[in-house]
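The lines below spell out each chain.
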Amino acid sequence: MKDSINPVPQPLAAKPSFTDKKFLTTMIFVTSLFMLWGVAITMGDVLNKHFQHVLSLSRTQSAFVQFAIFGAYFVMGIPAGLFMKRFGYKNGVLLGLSLFAIGAFLFVPAANTASFGFFGVALFILGCGLSTLETVAHPFVASLGDQRTSDQRVNFAQSFNALGAILGPAIGSYFLLSHNVAGSTDLTSVKMLYLVIGSVIALIAIAFSFVKVPPLTDPHAVVANGDAVNVDLAPGKKLFEHVHFRWAVAAQFFNVAAQSGTWAFFINYGHEQMGFSEATAGTYLVLFMAIMLVGRFIGTFLMRIIAPPTLLAGFALANIVMCIIVAQGWGWPSFIALLAINFFFSIMFPTIFSLGIKNLGKHTQQASSFISMGVVGGALFPLIMGKVADNVGIAHAYYLPIVCYLVIFAFGAKFYKVKH
């Protein structure tokens, strides 16, 4: 059954609340989804390195882990949006969790056959689940309260995505990297880990099926004094005629491209440039993700005093500087700059997403699908970075994300503006 939407205009409050009491249970469940796909995506970065050893893959070949996951975002983006529009947010969440669990369970036969191609299929189905959850969860959490505080809710929920990004490499490094034996082709740890993950996701899906979602805030409503929050100010325009939306799709494409490439080869950088063991590099990946969590909370606070697009542009410039330092291979200064990238990256995904769906009215859900599809950048960029790393070294591969951050800077500095 489709979620019910409250069409009654909301009275203007001097200080709009973060959310309402009636939404708390739903908010907790939806926020947990952000954590779950954070675990799954960052565990893929550990799988990338693990498969290099166990399946004797090059860095370019192992980058197909990210290709399978993020490629699913491109394929599933529009179907997930259409499903959400037809059957509602709750059923969209249940679909995403179901695909997530099925993909995880398919790791068992993939490990039994020791087939990287089979793992690719499992990762693709798992990625379809993540794409569905991400497409649904952003507008879902935005609708759980006053639309003037939707940016804060999305960034708050994304903070738990960062928590999941900490747990992912911590779990993956412990079960997959810390017990590595040279020359081993044993995939038992991969099989057992994803069997547990699939079981947990299935249980969460069953629990969420019993949650009653209250009538949601209508994102197209006009508040009592005529203050339109997410009303399409140019109702005659088609979705792709909105310039800020087109730029949001492009910015998200390059944002996730930079993220996936940086994350995919973090362990390689620590091992090759810093001389860390792979397990130690995996431990630093946990710190790397913790820094992003700190950045999310600090970024959410800073948005109270700095306009979100201004903060986005500033953080993009900072990451350009960080990438230049990382590419020099200066030892600890470069490694600290690599860690800092995640701090400045922290607010980018949710901020681009929320700016991209501003004032789109009836196009909001469709726009959410296309912005989620922009995540396909994460499927392509690690392949390019892997090729560069194989030919000229891992450090110089970090010049490539600079192009991505230039696009994000342009969006935050100018092209985020809604034009009537």
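Residues numbered from 1 in each chain as written. Predicted model: local features only at pLDDT ≥ 70, side-chain atom pairs only at ≥ 80, totals over all residues. Heavy atoms only, no water.

Focus on the overall build of the protein chain
From N to C terminus, the protein chain includes 16 helices and two strands. Partitioning the contacts of the protein chain with sequence separation of at least 6, the portion at a separation of at least 24 is 83%. Carbon together with sulfur atoms contributes 70% to the accessible area of the protein chain, which is approximately 15800 Å² in total. (Helix = DSSP H or I, 4+ residues; strand = E, 2+ residues; numbered from the N terminus. Contact = heavy atoms within 4.5 Å. Areas by Shrake-Rupley, 256 points an atom, 1.4 Å probe, with all protein chains shown as cover.)

Looking at a positive patch on the surface
Residues Arg-246, Lys-414, Lys-417 and Lys-419 make up a contiguous surface patch of positive charge. Summarising the element assignment, Lys-417 is placed in the segment after helix H16 (401-415). Owing to a relative accessible area of 44%, Lys-417 belongs among the partly exposed residues under this scheme. (Patch = residues over 30% accessible without salt bridge, like charges linked within 9 Å, V, L, I, M, F, W, Y side chains within 5 Å. Salt bridge = Lys/Arg side-chain N within 4 Å of Asp/Glu carboxyl O. Lys, Arg positive; Asp, Glu negative; His and termini not counted. Charge placed at Lys NZ, Arg CZ, Asp CG, Glu CD. Buried < 20%, exposed > 50% of the residue type's maximum accessible area, 1.4 Å probe, protein only.)

Points about helix H12 (residues 332-345)
Across its 14 residues, H12 extends 20 Å between first and last C-alpha, which sits within 8% of the 20 Å expected from 1.5 Å per residue. Here H12 lies mainly inside the structure; 10 of its 14 residues are buried. Listed in full, the buried residues belonging to H12 are Ser-334, Phe-335, Ala-337, Leu-338, Leu-339, Ala-340, Ile-341, Asn-342, Phe-344 and Phe-345. Here the buried face of H12 lies against helix H8 (243-264), helix H9 (266-273), helix H10 (278-302), helix H11 (308-328), helix H13 (348-356) and H16. (Expected span 1.5 Å × (residues − 1).)

Some words on the packing of aromatic side chains
Taken as a whole and assessed by the stated rule, the structure comprises 31 aromatic pairs. The rings of Phe-266, Phe-276, Tyr-284, Phe-288, Trp-332 and Phe-335 are connected pair by pair, giving a single aromatic cluster. Across from the ring centre of Phe-87, 4.9 Å away, lies the NZ or CZ of Arg-86, which sits over that ring. (Phe/Tyr/Trp six-rings, centres within 6.5 Å; stacked < 30°, edge-to-face > 60°. Lys NZ or Arg CZ within 6 Å of the ring centre and 35° of its normal.)

A closer look at the confidence of the model for the protein chain
Overall, the prediction assigns the protein chain a mean pLDDT of 84, with 89% of residues at 70 or greater. The least confident element of the protein chain is strand S1 (residues 5-6), whose mean pLDDT is 58; the most confident is H11, at 97. Low pLDDT, under 50, characterises residues 220-228; the stretch is placed with 22 contacts to residues that sit more than four places away or in other chains. (pLDDT = per-residue confidence, 0-100.)

Describing the packing of helix H3 (residues 64-105) against helix H7 (residues 188-209)
Between H3 and H7, the least distance of the axes is 8 Å, while the angle of their chain directions is 160°. Relative to H7, the element H3 lies roughly antiparallel. Two packed elements cross with a definite hand, and for H3 against H7 that hand is left-handed. Where H3 approaches H7, its residues Lys-90, Val-93, Leu-94, Leu-97, Phe-100, Ala-101, Ala-104 and Phe-105 are matched on the opposing element by Tyr-194, Leu-195, Ile-197, Gly-198, Ser-199, Ile-201, Ala-202, Ile-204, Ala-205, Phe-208 and Ser-209. Split by residue class, the contact of H3 with H7 holds 15 nonpolar, three polar and one charged. (Axes fitted to C-alpha atoms, helices over the stretch in contact; angles between N-to-C directions. Parallel < 35°, antiparallel > 145°, perpendicular 65-115°, else oblique. Left-handed = near helix turned anticlockwise from the far one by under 90°. Nonpolar A, V, L, I, M, F, W, Y, C, P; charged D, E, K, R; others polar.)

Observations concerning the state of the cysteines
Taken as a whole and judged by the stated rule, the model has zero disulfides. Not engaged in a disulfide, the cysteine Cys-323 finds its nearest cysteine sulfur in Cys-404; these two sulfurs lie 8.5 Å apart. (Disulfide = S-S within 2.5 Å.)

Focus: the environment of Gln-152
The residue Gln-152 is located in helix H6 (residues 150-177) in this model. Here the alpha-carbon distance between Gln-152 and Gly-299, two residues 147 residues apart in the chain, equals 9.8 Å. Once residues within four sequence positions are removed from consideration, Gln-152 is found in contact with Phe-18, Thr-300 and Arg-304.

A closer look at the side chain of Thr-351
Among the structural elements, Thr-351 can be located in helix H13. Excluding residues within four positions of it along the chain, Thr-351 makes contact with Asn-155, Met-303, Pro-308 and Leu-312.

Here we look at the nonpolar core
Within the largest apolar cluster, 134 residues are counted, with the highest numbers of intra-cluster contacts made by Phe-140 and Tyr-194. Tallying contributions element by element places helix H1 (residues 24-54) first for this core, with 14 residues. Setting aside residues no more than four positions away along its own chain, Tyr-194 makes contact with Met-43, Leu-47, Ala-104, Phe-107 and Leu-126. Counting residues in each nonpolar core, the second largest holds five residues, with Ala-72, Met-76, Ala-80 and Leu-99 among its members. (Core = buried A, V, L, I, M, F, W, Y, C linked by side-chain atoms within 4.5 Å.)

Structural notes on a nonpolar patch on the surface
A grouping of Leu-167, Ile-171, Tyr-174 and Phe-175 is seen on the molecular surface, where their side chains present a nonpolar patch of about 360 Å² in accessible area. In this structure, Ile-171 sits in helix H6.

Looking at the environment of Val-39
Structurally, the position occupied by Val-39 is in helix H1. Val-39 sits in the buried class, given a relative accessible area of 15%. Once the C-alpha coordinates of Val-39 and Pro-169 are considered, the two residues, 130 residues apart in sequence, prove to be 7.6 Å apart. Those residues in contact with Val-39 that lie beyond four places of it in its chain are Gly-164, Ala-165, Leu-167 and Gly-168.

Let's talk about the side chain of Ser-260
The topology assignment puts Ser-260 in helix H8. Its relative accessible area of 2% is what places Ser-260 among the buried residues. Reaching out from Ser-260, the side chain makes a polar contact with the backbone oxygen of Gly-378 at a distance of 3.3 Å. Sequence-distant contacts of Ser-260, that is, excluding residues within four places in its chain, are made with Phe-70, Gly-377, Gly-378, Phe-381 and Pro-382. (Polar contact = N/O pair within 3.5 Å; in protein donor to acceptor, adjacent residues only side chain to side chain.)

Overview of the packing of H1 against H8
At a minimum axis distance of 9 Å, the contact between H1 and H8 shows a crossing angle of 45°. If you check the angle between H1 and H8, you find them oblique. The element H1 and its partner H8 pack so that their crossing is right-handed. The residues of H8 that touch H1, namely those facing Ile-41, Thr-42, Asp-45 and Asn-48, are Gln-259, Trp-263 and Ala-264. Residues of the contact of H1 with H8, tallied by class, amount to three nonpolar, three polar and one charged.

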